[in-house]
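Inside the fold
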Amino acid sequence: MANWFRERYGALVKSFEDIKKSHAVPDTPQTRAPAYRLAFDDKDFLTSEALRPIRLQLELLKPELILQEEGIESTVILFGGARIPEPGGEAWAAKNETQKKNLEANSKFYEEAREFARICSRYSKTTDYKEMVVTTGGGPGVMEAGNRGAQDEGAPTIGLNIVLPHEQAPNEYVTPELCFNFHYFAIRKMHFLMRAKAVAVFPGGFGTMDEMFETLTLIQTDRMAPVPFLLFGKDFWGKVINLEELANQGTISPDDIDLFQIVDTAQEGWDIIRDYHSL
C-alpha cells in the first residue's frame, strides 16, 4: 500500500520521510512524550473519540481512490449468509440437527451464487472489467461463492470485509488489490451501493436482512436509483418473511412489492439484469 501511495501521490513521500526522521532522534523525556508525535503518525490521536469524523472520511476515501484507479465504474452486489456451506461441505455453523439439515439443503445457493457471479463476470470481461464487477462482503458462505465464481472466469472481484468477532477473515477468492477492510458498517454499506447496477440477495441471517432492507429503503425513498433487485430462493423467502403482508397491512405501498423480484436460478437473475439494462 505504501508503494501505491508513493507512485500516485508524490507529495506524501515527504511525509513518510518525516516519520522516519521523527523516530531517529535521541531518546529523551521530550521525544517520548505523546505530544511530540507527528499527528498523522500518532495512533492514539487518530483513534481518539474526537477524530471519528476523520476516520469516517478515510474509510470512504481509501477504497474510492483505489476503485477509481482500477477504473471500476459499476458493480453487481451479492449479499447472503456467511454460514451457508459449499455443496458437500461441512455445515460448520449448525447448532442442532435441524440447522444442519437446512444449511446442507441451502448449500444449493452457494452454487447458484457462484454461477451467477460467473455469468456477471463474463459480461464484465466485455467491458474490460469496468462494468458489473462482482462485489461481496468478502467473507465465507455466499460471499465466498460470489468471489469464487468471478475468479473462475479470471475476473477481478471486490471484497468489502468488516472487523467482527467472528467470520471476518477475507476468503481466498477476493482479488487482493480489491480486498478492503472496514470498521464502520455505514461506510461499508455506502461502498456496496455507490456503484451498484444490480443487487442479488441470497438466503442469509440478520446481516443479510439488514443489507436487504436498507437497500430497499434507499430505493423506496429515492435516495438510490432503482436497480434490478433479486431475491434468490422462492421457497426460502416465502417461509422466512411475508413482504406481501406488509402491503396488505398498509405499512408499505402496494407498489413497493415491485421493487424486487424473486428468482431461483442464476440464469433467471441475469436475464432480468440483462433486460433491465438492455445489455
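One structure accompanies this document, and this report is about it. (Residues numbered from 1 in each chain as written. Predicted model: local features only at pLDDT ≥ 70, side-chain atom pairs only at ≥ 80, totals over all residues. Heavy atoms only, no water.)

Things to note about the side chain of threonine 175
Worth spelling out the cut-off: Labels follow the DSSP assignment, with helices taken as runs of H or I lasting at least four residues and strands as runs of E lasting at least two, numbered in each case from the N terminus. Throughout, a contact is declared for two residues whenever any of their heavy atoms are within 4.5 Å.
In this structure, threonine 175 sits in the loop between β3 (158–162) and β4 (179–182). Each residue touching threonine 175, except ones within four places of it in the same chain, is listed here: Ala155, Pro156 and Thr157.

Details of the nonpolar core
Keep this limit in mind: Definition used in this section: a nonpolar core is a set of buried Ala, Val, Leu, Ile, Met, Phe, Trp, Tyr and Cys residues joined via side-chain atoms within 4.5 Å. Exposed residues in this analysis have more than 50% of their type's maximum accessible area, buried residues have under 20%, and partly exposed residues fall in between, with area computed by a 1.4 Å probe over protein chains only.
Of all hydrophobic cores here, the largest spans 33 residues; its most connected members are Ile158, Phe180, Val199, Val201, Met212, Phe229 and Leu231. Top contributing element to this core by residue count: helix α10 (residues 206–220), with four residues. Residues Leu78, Phe109, Cys120 and Tyr129 belong to the second largest nonpolar core, which totals 30 residues.

Structural notes on the packing of helix α7 (residues 108–125) against helix α8 (residues 142–152)
Just so we agree on the cut-off: Orientation is described by lines fitted to C-alpha atoms, with helices fitted over the stretch in contact, and by angles between N-to-C directions that extend from 0 to 180 degrees. Working rule for handedness: look at the near helix, and if it is turned counterclockwise from the far one by less than a right angle, call the crossing left-handed; if clockwise, right-handed.
Close contact between α7 and α8 brings their axes to 7 Å; oriented N to C, the two are set at 35°. Crossing hand, α7 versus α8: right-handed. Contacts between α7 and α8 pair Tyr110, Ala113, Arg114, Ala117, Arg118 and Ser121 from the former with Val142, Glu144, Ala145, Gly146, Arg148, Gly149, Ala150 and Asp152 from the latter.

Side note on the pattern of salt bridges
How we decide: Only one rule defines a salt bridge in this text: a Lys or Arg side-chain nitrogen within 4 Å of an Asp or Glu carboxyl oxygen.
All chains considered together, the criterion is met by 19 salt bridges. Among the ionic pairs, lysine 239 bridges to aspartate 235, the shortest N-O distance being 3.5 Å. Linking lysine 239 with aspartate 235, this pair stays in helix α11 (residues 234–240), spanning four residues, or about one helical turn. Comparing lysine 239 with aspartate 235 shows no difference in burial state: the two are exposed. Taken together, the shared-partner salt bridges connect Glu111, Arg114, Glu115, Arg118 and Asp152 into one network.

Some remarks on the pairing of strand β1 (residues 75–79)
Rule in force here: DSSP-based pairing: two strands are paired if at least 2 bridges between them are found.
Here β1 lies mainly inside the structure; five of its five residues are buried. A two-sided burial pattern is seen for β1, the buried positions comprising Thr75, Ile77 and Phe79 on one face and Val76 and Leu78 on the other. Bridging between β1 and strand β5 (residues 196–201) involves five bridges; their strand directions are parallel. Residue pairing for β5: leucine 78 is matched across the bridge by alanine 200.

A short note on the side chain of threonine 127
Cut-off, in case you're wondering: Counting of polar contacts relies on pairs of N or O atoms within 3.5 Å, with two restrictions inside protein: one atom must be capable of donating a hydrogen and the other of accepting it, and residues adjacent in sequence are counted only when both atoms are side-chain atoms.
With respect to the helices, strands and loops of the structure, threonine 127 is situated in the loop between α7 and β2 (133–136). Judged by its relative accessible area of 16%, threonine 127 falls in the buried class. Separated by 3.0 Å, the side chain of threonine 127 and the backbone nitrogen of glutamate 131 make a polar contact.

Considering the sheet that holds strand β6 (residues 229–232)
Taken together, the seven strands give an open sheet; going across it, the order is β4-β3-β2-β1-β5-β6-β7, and neighbouring strands pair in parallel fashion. Each having just a single partner strand, β4 and β7 (261–263) make up the two edges of the open sheet. Neighbouring strand axes in the sheet, compared pairwise and without regard to direction, differ in orientation by 25° on average. Bridge count for β2 against β3 is two bridges, and the pairing is parallel. Each residue of the ladder has a partner; that of threonine 135, found in β3, is isoleucine 158. Contacts from α8 reach β1, β2 and β3 within the one sheet, and its direction differs from that of β2 by about 160°. Each of β5, β6 and β7 is contacted by helix α13 (residues 266–277), which is oriented at about 175° to β6, the strand it contacts most.

Some thoughts on the packing of aromatic side chains
Inclusion rule: Two rings from Phe, Tyr or Trp (for Trp, the six-membered ring) form a pair when their centres sit within 6.5 Å of each other. Planes less than 30 degrees apart are called stacked, planes more than 60 degrees apart edge-to-face, and all others tilted.
One pass over the structure, following the stated rule, counts six aromatic pairs. Aromatic side chains phenylalanine 236 and tryptophan 237 sit 5.0 Å apart centroid to centroid with 90° between the ring planes, which places their arrangement in the edge-to-face category. Note on tryptophan 237: relative accessible area 2%, which makes it buried. Of the aromatic side chains, those joined through ring pairs into one cluster are Phe116, Phe202 and Phe232.

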